[in-house]
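Structural features, examined
Given next are the chains, with one letter for each unit.
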Amino acid sequence: MTTDIGTGLPSIGAARARELADRLGALIGADRLSTDPAKIERLSVDWAHMSPILSAQLPAGRADLIATPTSAEQIPEILRVAYQLEVPVTPRGTGLGNYGQAIPLHGGLLLDISACRAVEEIGGEGDGAWVRAEAGVRMRELDTAVAAHGQELRIYPSTKGSTLGGFLAGGSGGTGSITYGSNADGLVTALDVAPCDGSGALIHAEGEETVPYIHAYGITGVIVRATVRLAPRRDWVAIWAAAPDYPTGTEALRALLELDPEPRLASLDEQAVVAALPRDPALDPARASVRAIVQAHVVDAAAALLRGAGAEVLAVRPGLVAADRITALSYNHSTFHLQKRHPEYFHLEVAGTPLWDDPDTVRSVYPGTVLHLELMRERPIGMLMAPYVSPDQVYTGMDALEEIGVSYHSPHNWMLDRRLDDVRAVVGRTDPRGLLNPGKLTPDGKDARWRPAS
Ligand SMILES: Cc1cc2nc3c(=O)[nH]c(=O)nc-3n(C[C@H](O)[C@H](O)[C@H](O)COP(=O)(O)OP(=O)(O)OC[C@H]3O[C@@H](n4cnc5c(N)ncnc54)[C@H](O)[C@@H]3O)c2cc1C
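Since this is a predicted model, take the numbers as computed values, not measurements.

Quick notes on the rules
- Sequence order sets the numbering: in each chain, residues are counted from 1 along the sequence as written.
- In keeping with the model being predicted, local features are shown solely for residues with a pLDDT of at least 70 and side-chain atom pairs are shown and tallied solely at 80 or more, while totals for entire chains, interfaces and linings include all residues.
- In computing side-chain properties, one takes all heavy atoms of the structure into account and sets aside hydrogens as well as water.
- Numbering goes from the N terminus for both helices and strands, where a helix is a DSSP run of H or I of at least four residues and a strand is a run of E of at least two.
- In this treatment the radius of gyration is a C-alpha quantity, and the globule benchmark scales as 2.2 Å times the residue count to the 0.38 power.
- The contact rule is simple, with two residues in contact once any of their heavy atoms fall within 4.5 Å.
- Residue burial considers only the protein chains on display, and all accessible areas are found by Shrake-Rupley using a 1.4 Å probe.
- Asp and Glu are treated as the negative residues and Lys and Arg as the positive ones, with His and the ends of the chain left uncounted.
- By convention, the point assigned to a charge is CZ for Arg, NZ for Lys, CD for Glu and CG for Asp.
- For two strands to count as paired, DSSP must find a minimum of two bridges between them.
- The axes used here are C-alpha line fits, helices contributing only the stretch in contact, and every angle between their N-to-C directions lies in the interval 0 to 180 degrees.
- Planes of paired rings set the category: under 30 degrees apart is stacked, over 60 is edge-to-face and the rest tilted, where pairs are Phe, Tyr or Trp rings (Trp by its six-membered ring) whose centres lie within 6.5 Å.
- A simple rule labels every residue: compare its accessible area, found with a 1.4 Å probe on the protein chains alone, to the largest value its type can have, and call it buried under 20%, exposed over 50%, or partly exposed in between.

1. A few points about the overall build of the protein chain
Within the protein chain, the regular secondary structure consists of 16 helices and 20 strands. On C-alpha atoms alone, the protein chain measures out to a radius of gyration of 22 Å, which is about the 22 Å that the 2.2 N^0.38 rule sets for 454 residues. If one aligns the C-alpha atoms of the protein chain with their principal axes, the spans along those axes are about 70 × 55 × 35 Å. Long-range pairs, those at least 24 residues apart, make up 73% of the contacts in the protein chain between residues at least 6 apart in sequence. In the structure as shown, the protein chain presents an accessible area of about 17100 Å², 51% of it carried by carbon and sulfur atoms. Averaged over its 41 positive side-chain charges, the protein chain has a centre that lies 4 Å from the centre of its 56 negative ones.

Dropping the structure here:
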C-alpha cells in the first residue's frame, strides 16, 4: 500500500490503478469505470459524519477507481482481477450506512453495486413466498415489484431507498422487526456471494450458511444476489398519537404490545426530538409522539389502547405511503433530524427495559439526553442522543449504561462488531489475501465494546 501525495490517504498508486482500469475496462467497458475526483470523493464516504468521533477522522480513505458493473455476473470476474493485482475492494450500495462501513480505508477499488438491480424471480405462496434479486435493487423497488404478486417485504430499514445488498451487509432491521426480528433471523433463504479468492466463481449459500455474510460489511464476500422471504401483502394504516410526557408515551407504546396482530412498527419520541422532526399536523412539539403502523382491521383497537394509556390520537392515515412516512421517522432518522437542528448531538443505539422503566437513571449518564424508542417484544430498542463533549465522555458513559442494564451498539466505530466468530470461520477461505473492505476487522476479535485507544 502506498500513500497518495495529494490526499495523504492510502492508495494503490497510479501505475497499479491504470493496470486495474485496463483490465476492468476490458471486462465491463471503460464507460463503467470512473476516476473523476468529485465522484470518488462522494462515493468514498457514507454517513460516518453522524458520529462526531468518526467525523474528526474523515476523510479516512479514498478509492483509486470506481467500477459500476451492470450485472451480478460481472462481479466475480471483477474480484478475480482484484485478487490477481492484490487490490483492496470495498463494495457499496447507496452509501447510506452510518458508521463508515463503506469507506475504502485502504484505497483501491470502490465496487458500486447500485446498477445491478434486476428483480429476477418471485415465487412461492402465502407465508412461503420469496423473491430473488440482484444486490443493488433498492428496497423500495423490491417492495413495489413483489406487491404485484400480492406480497410485501418482511423487513426494511428506515432508509427504504437503500440497496438490498447494503441492507443485508450493513444494516440490521427496521419496519417489520417486531414480528420478524433482524435481517439475520431467517429473512434470507439464499445468497450468491462473490469471494475474493482468485476463482472468479460464486458461492451459493442457503439457510444457516448465509449467516457469515449478513452484517459482515462485505468482508466475507460480495453479495451479488439474495433470496429473501416475503409476507402476504396487508392493508396498513399509520396512526399518530401524542402523550403529555415521556412516561405516558412509554405506557402508550407498551400498550401496543397487546395489539393482535402486532404493529409493523411503533416508535416514540420525546418532545425535544419531536420539535426537530419535519412539521406535521400530527406532531405536537409540546408533547411526546407515539406513531405506529398497524393493520387496517385493528386500527380502532390500536387507538383504544393508545387512549387507554393516556395518549391522544391525532391522525389515522391509510395506505403504504402514509405508513412509509412513519418508517422514514424511525430508527436513526430520529438522530438525523435532531442533528439537523442540533449538530452538537451524538447518539448511541441502545436497548433495555430501563429505557421505559427507569428513564431518569438512563438520562443521568449523559447530561441533556433525549430518547427515541422502537417497540420490540422483549425490550425496547432506541436511540439515545445527547450533546457531545469528548470521546472519553462517550466511552465512559457506555460503561455506565451497561451497569444500569442498558446495552448499546456504538456508531463511533467502523470496525465490524457483531458475530465475529461467524465471519472469522469463513473469511480465510473467501478472502485469503484480506482484500475485501480491509481495515474493518479487528485482529483480536473484540466485540461491540471495541473502541480506539485514546
Ligand atoms: C438516517 C439513517 C437511518 C437508518 N435507518 C436504518 C434502519 O432503520 N435499519 C437499518 O438496518 N439500518 C439503518 N441505517 C443504516 C443504513 O442506511 C442501512 O443499513 C442501509 O440499508 C444500507 O444500505 P446501503 O445500500 O446504503 O449500504 P452501504 O452503506 O452502501 O453499505 C453498507 C455496508 O455493506 C457493504 N456492502 C454494500 N453492498 C454490499 C454487497 N452487495 N455485498 C457485500 N457488502 C456490501 C458496504 O461495504 C458497507 O460495509 C440508517 C442510516 C441512516 C443514515
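2. With respect to the sheet that holds strand 4 (residues 65-67)
Ordered by their spatial adjacency, four strands build an open sheet running 3-4-6-5, and the pairing between neighbours is mixed. The sheet terminates laterally at strand 3 (33-34) and strand 5 (89-92), the two strands that pair on one side only. Sheet topology places strand 5 next to strand 6 (residues 109-112); four bridges connect them, and they run parallel. Note that in strand 6 the partner of threonine 90 across the bridge is leucine 110. Packed on one face of the sheet, helix 4 (residues 74-85) meets strand 5 and strand 6 and runs near 175 degrees to strand 6.

3. Comments concerning the packing of aromatic side chains
Counted according to the given criterion, the structure contains three aromatic pairs. Between tryptophan 47 and phenylalanine 336 the ring centres are 5.6 Å apart and the planes differ by 65 degrees, which places this aromatic pair in the edge-to-face class. Here the residue tryptophan 47 occupies a position in the loop between helix 2 (37-43) and helix 3 (52-55), and phenylalanine 336 occupies one in helix 12 (residues 333-341), the gap between them amounting to 289 residues. Classification of tryptophan 47 by relative accessible area gives partly exposed; the value is 26%.

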